[in-house]
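# Per-entry structural report
Chain by chain, the residues run as shown.
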Amino acid sequence: MFFGEYERECYTPRNLVFAAVTPAVLRFEDFELDCARYELRRHGRPLKLEKIPMELLQLLAESGGRLVTREEIEERLWGKDVFVDAEHGINTAMRKIRQVLEDDPNAPRFVLTVPRKGYRFIAEVRRDGAEPQQPVSAAQEPPQTAETAVQQNRASASAARSAARSAASTGQRKRIWLAVGVAALLLAWPAYRLASSHATRAALAPPVIRSIAVLPLENLSGDATQEYFADGMTDELITMLAKYKSIRVISRTSVMQYKKAKKSLPEIARELSVDGIVEGSISRSQDKVRITAQLIYGPTDAHLWAESYDRNLSDALLLQHDLAKDIAARVHVASSGGGAAASGLSAAGNAAARDVYFHGRYEWLAEHYPKSRELFQEAIRLDPTYAAAYSGLADSYTAAVASGEEASSAARPQAESAAQKALELDDTSPDAHHAMAAVHFFFRWDWTAAERECQRTLELNPSLAETHHLYAYVLGTEGRTEESLQQDKLTLELDPFARPWVYGYGLIRARKYNEAINELQQRAAARPDSQSLSWFLSEAYEYGGYNEAAMKELRAAVSRDREREAQVERAYQSGGLPAVHAVFLSEMKKAAASGEYVSPSYMAEQAALAGLRAEALRYIQQAHEQRDAHLVYLEHDPAFDALRSEPAFVDIARRMRLPEAK
């Protein structure tokens, strides 16, 4: 604070005595608002309520039932000189208050809305805790009795005589110490002023935001079928912000974990390791769309900025572009840093095509690849110049192959054609370059071209976690292990929820099994129900030679299927882990015999772990003949370490131009 403020804060007239103030606990129905602890409780259990809603609730609860105007709320929450969209900020805070109090605005028990005026707290409030005592002046002090006055006069006279006797001997010492004190004060004053100046500037400095999470926009359209539109617009905003290279933007798959989640913003900021959080809502009515958004400094829940945007539906892309620019400006990112033009993901001239595309991405992210493919094809039919739809179509084929659902031979022509068309229509689209990178990697086995397209994608969108993940595989295939691990780390930073196993799996591929175990154990502790983490932990334990621990994780991985769990347990008891892998191989054979597609690379892996060397080599040969996409992992998959000296294995690796694993 400034020195003048310091003086006002600390100065107390000598004729006044102040008592300690005990902040009240405000009780209403089964809630209690502890003003001292800044905490709302119900039946003694703390409830999560963020800073701005908490301050508004306290203001209303302390109002004694009077009308609290919106102007008063705005001044109390943000002050007079701070620019915010007060309407949106107040409405958002009130919505969160009603959620935590379970208060129906149509039949309120706690807060009554007075249209266009403000709010009135209508519940009975009981105040616990001591009230501040009034200042007591010297004139109000209790009178002295005669006896007390005599005693005090005698004591004063005695003290005066003692002081007179010591004055002569101490006067000189006082003058010396006074001079020393004055000199010390004069020397200390410049240092105090400098420190005070630095402290003041630090207190007034705006929060530094280098990373952002865009929480899912809340759908206020009153139509649940419009969820895909809200999610699509969230995805658009993430993509737009990601073009600003100075900001690390968390990927969509991780922020979607917080859709309708009742967590405080500081808690979300900690979990995602971000400085800034964008939250807001979207409403769509016929050909109009409205977005309200606010930027919050996550660690302290400080409100930095808010705004509302209204556009025609056909201008929704421009709306997202303007919103991204405004947010970027608020975090001090120069417009020249990227994203100066609204190009790329959804530059559709046809609003209907964009709607269908949003729905396609919605299905794609849910891993419904055939359904997403139909929607992307429909978007292309509606707008044949829509680059994003072609990128989505290519992704639908590639993802189906990468997940093991479809054969590479059937998907390759369509994926190649769609990715090439996307690039022809928009060479500045990061999604188009990512789609082509995946085509080069999984279908063409062209590592150099795949790396080039990954690099170009990350130039256009440094925060695209999907590309960092793909790039890690490309680098690993090229034998560049440490660079691959760095990309896995970046993937995890940008998308911690989509693939919590990604860095641990990278360590497995690098044969750093103990490090992989430690990494995956930490992730599993945070997500104990994750089957994927159990699978990868089992691999790390098995390759590291910890068979009992590997089997424990395998049991957890298959525990949702009791019959399969029992079968795996019997196999382990009879023949150890090789027998378990023989069971998995048998299951794959049955699926393939029934007409279901099964990757021969997957079968080769289980055969190798079961100790069936000849069978494993036969499946590898079959995978090469079919150009199975999963064969790209051949050299860095530890399951094949026992086969690397086999002439057939060496020959296939050479023909694929794979560097030998190190």
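On to the overall build of the protein, then. Counting its regular elements, the protein contains 25 helices and 16 strands. Residue pairs at least 24 apart in sequence account for 60% of intrachain contacts in the protein once pairs closer than 6 positions are excluded. Of the accessible surface of the protein, which amounts to about 32,700 Å², a share of 52% is contributed by carbon and sulfur atoms.

This paragraph deals with the packing of helix α19 (residues 513-526) against helix α20 (residues 531-544). The geometry of α19 relative to α20 is characterised by a closest axis approach of 9 Å and an angle of 155° between their N-to-C directions. When the axis of α19 is compared with that of α20, the two are roughly antiparallel. The way α19 lies across α20 gives a crossing that is left-handed. Along its contact with α19, which presents Y513, A516, I517, L520, Q521, R523 and A524, the element α20 presents L533, F536, L537, A540, Y541, Y543 and G544. By residue class, the composition of the contact of α19 with α20 is 11 nonpolar, 2 polar and 1 charged.

Here we take up the sheet that holds strand β8 (residues 118-121). Within a sheet, adjacent strands bond to each other through the backbone by hydrogen bonds, running parallel or antiparallel. Taken together, 3 strands build an open sheet; the order of strands is β6-β8-β7 and the sheet is antiparallel. Either end of the sheet is taken by a strand with one partner, and the two such strands are β6 (67-69) and β7 (111-114). Neighbour to neighbour, the strand axes of the sheet diverge by 30° on average, direction disregarded. With 3 bridges connecting them, β6 and β8 associate as antiparallel partners.

Tracing the backbone through its elements, the reader meets S429 in the loop between α13 (408-425) and α14 (430-444). At 3.2 Å, the side chain of S429 forms a polar contact with the backbone nitrogen of A432.

A few words on the sheet that holds strand β9 (residues 126-128). Here we have 5 strands laid out as an open sheet, ordered β5-β4-β3-β2-β9, and antiparallel in their pairing. Two strands in the sheet have a free side with no partner beyond their single neighbour: β5 (45-47) and β9. The sheet shows a mean angle of 30° between the axes of neighbouring strands, taken without regard to direction. In this sheet, strand β4 (residues 39-42) lies alongside strand β3 (residues 31-34) in antiparallel orientation, the contact comprising 4 bridges. By the bridge assignment for β4, F31 is matched with R42. In this fold helix α2 (residues 51-61) packs onto β2 (25-28), β3 and β4, with an angle of close to 105° to the strand it touches most, β3.

This part is about the confidence of the model for the protein. On average, residues of the protein carry a pLDDT of 80, and 79% of them reach 70 or more. pLDDT under 50 marks residues 1-22. Its contacts with residues more than four places away, or in other chains, come to 20 contacts. This stretch, residues 334-346, has a pLDDT under 50; its non-local contacts, to residues over four places away or in other chains, come to 37 contacts.

A few words now on the pattern of salt bridges. If you walk through the whole model with that rule in mind, you get 41 salt bridges. Close ionic contact of R252 with D231 constitutes a salt bridge, the shortest N to O distance being 3.8 Å. Pair noted here: R252 is in helix α7 (residues 252-255) and D231 is in helix α6 (residues 227-242), with a separation of 21 residues, a long-range link. Residue class for D231 comes out buried when judged on its relative accessible area of 4%. Several salt bridges converge on common partners, so that one network encompasses R27, E32, D34, E39 and R41.

A few words now on the packing of aromatic side chains. Under the criterion given, the structure shown has 22 aromatic pairs. With 5.1 Å between their ring centres and 80° between their planes, F28 and F121 make a pair best called edge-to-face. Note that F28 is positioned in strand β2 and F121 in strand β8, a separation of 93 residues in sequence. On the accessibility criterion, F28 (0% relative accessible area) is buried. Ring geometry for F441 against W447: centres 5.7 Å apart, planes inclined by 65°, an arrangement best described as edge-to-face. Taken as a pair, F441 and W447 share a single burial class, namely buried. Within the aromatic cluster, the residues linked to one another by ring pairs are F229, Y357, F358, F376 and Y386. R361 extends its terminal NZ or CZ atom over the ring of W364, reaching a point 5.1 Å from the ring centre.

Turning our attention to the pairing of strand β15 (residues 288-297). Of all the 10 residues making up β15, 8 are buried; the element is thus mostly covered by neighbouring parts of the structure. Looking at chain direction, strand β14 (residues 276-285) and β15 are connected through 10 bridges and run antiparallel. What sits directly across from G280, in β15, is A293. A loop of 2 residues connects β14 with β15, the two strands running antiparallel in sequence, and Q286 in this loop sits at a positive phi of about 55°. With 10 bridges connecting them, β15 and strand β16 (residues 302-312) associate as antiparallel partners. If you follow L295 over to β16, its bridge partner there is W305.

Turning to the nonpolar core, a few remarks are in order. Grouped together as the largest cluster of nonpolar side chains are 147 residues, with contacts concentrated most on I212, L272, F441, I620 and L634. Among the elements that take part in this core, helix α22 (residues 562-593) stands out by supplying 11 residues, more than any other. Not counting residues within four places of it along the chain, the set of residues in contact with F441 comprises W447, A450, L470, Y473, V474, T477 and V632. Membership of the second largest hydrophobic core comes to 31 residues, among which are A24, F31, I90 and Y119.

To continue, consider helix α23 (residues 600-609). With 9 of 10 residues buried, α23 is to be regarded as a mostly interior element. All of the buried residues in α23 are P600, S601, M603, A604, E605, Q606, A607, A608 and L609. Of the residues that open α23, the one with a side-chain oxygen 3.2 Å from the backbone nitrogen of S601 is S599. G611 sits one or two residues past α23 and shows a positive phi near 85°.

The subject of this paragraph is the environment of E451. Note that E451 resides in helix α15 (residues 447-460). Remark: the alpha-carbon pair of E451 and E478, spanning 27 residues in sequence, is separated by 9.6 Å. Aside from chain neighbours lying at most four places away, what touches E451 is Y471, V474, L475, E478 and R480. Of note is the side chain of E451, whose polar atom sits 3.2 Å from the side chain of Y471.

What counts as what
Residues numbered from 1 in each chain as written. Predicted model: local features only at pLDDT ≥ 70, side-chain atom pairs only at ≥ 80, totals over all residues. Heavy atoms only, no water. Helix = DSSP H or I, 4+ residues; strand = E, 2+ residues; numbered from the N terminus. Contact = heavy atoms within 4.5 Å. Areas by Shrake-Rupley, 256 points an atom, 1.4 Å probe, with all protein chains shown as cover. Axes fitted to C-alpha atoms, helices over the stretch in contact; angles between N-to-C directions. Parallel < 35°, antiparallel > 145°, perpendicular 65-115°, else oblique. Left-handed = near helix turned anticlockwise from the far one by under 90°. Nonpolar A, V, L, I, M, F, W, Y, C, P; charged D, E, K, R; others polar. Pairing = 2+ DSSP bridges. Polar contact = N/O pair within 3.5 Å; in protein donor to acceptor, adjacent residues only side chain to side chain. pLDDT = per-residue confidence, 0-100. Salt bridge = Lys/Arg side-chain N within 4 Å of Asp/Glu carboxyl O. Buried < 20%, exposed > 50% of the residue type's maximum accessible area, 1.4 Å probe, protein only. Phe/Tyr/Trp six-rings, centres within 6.5 Å; stacked < 30°, edge-to-face > 60°. Lys NZ or Arg CZ within 6 Å of the ring centre and 35° of its normal. Core = buried A, V, L, I, M, F, W, Y, C linked by side-chain atoms within 4.5 Å.

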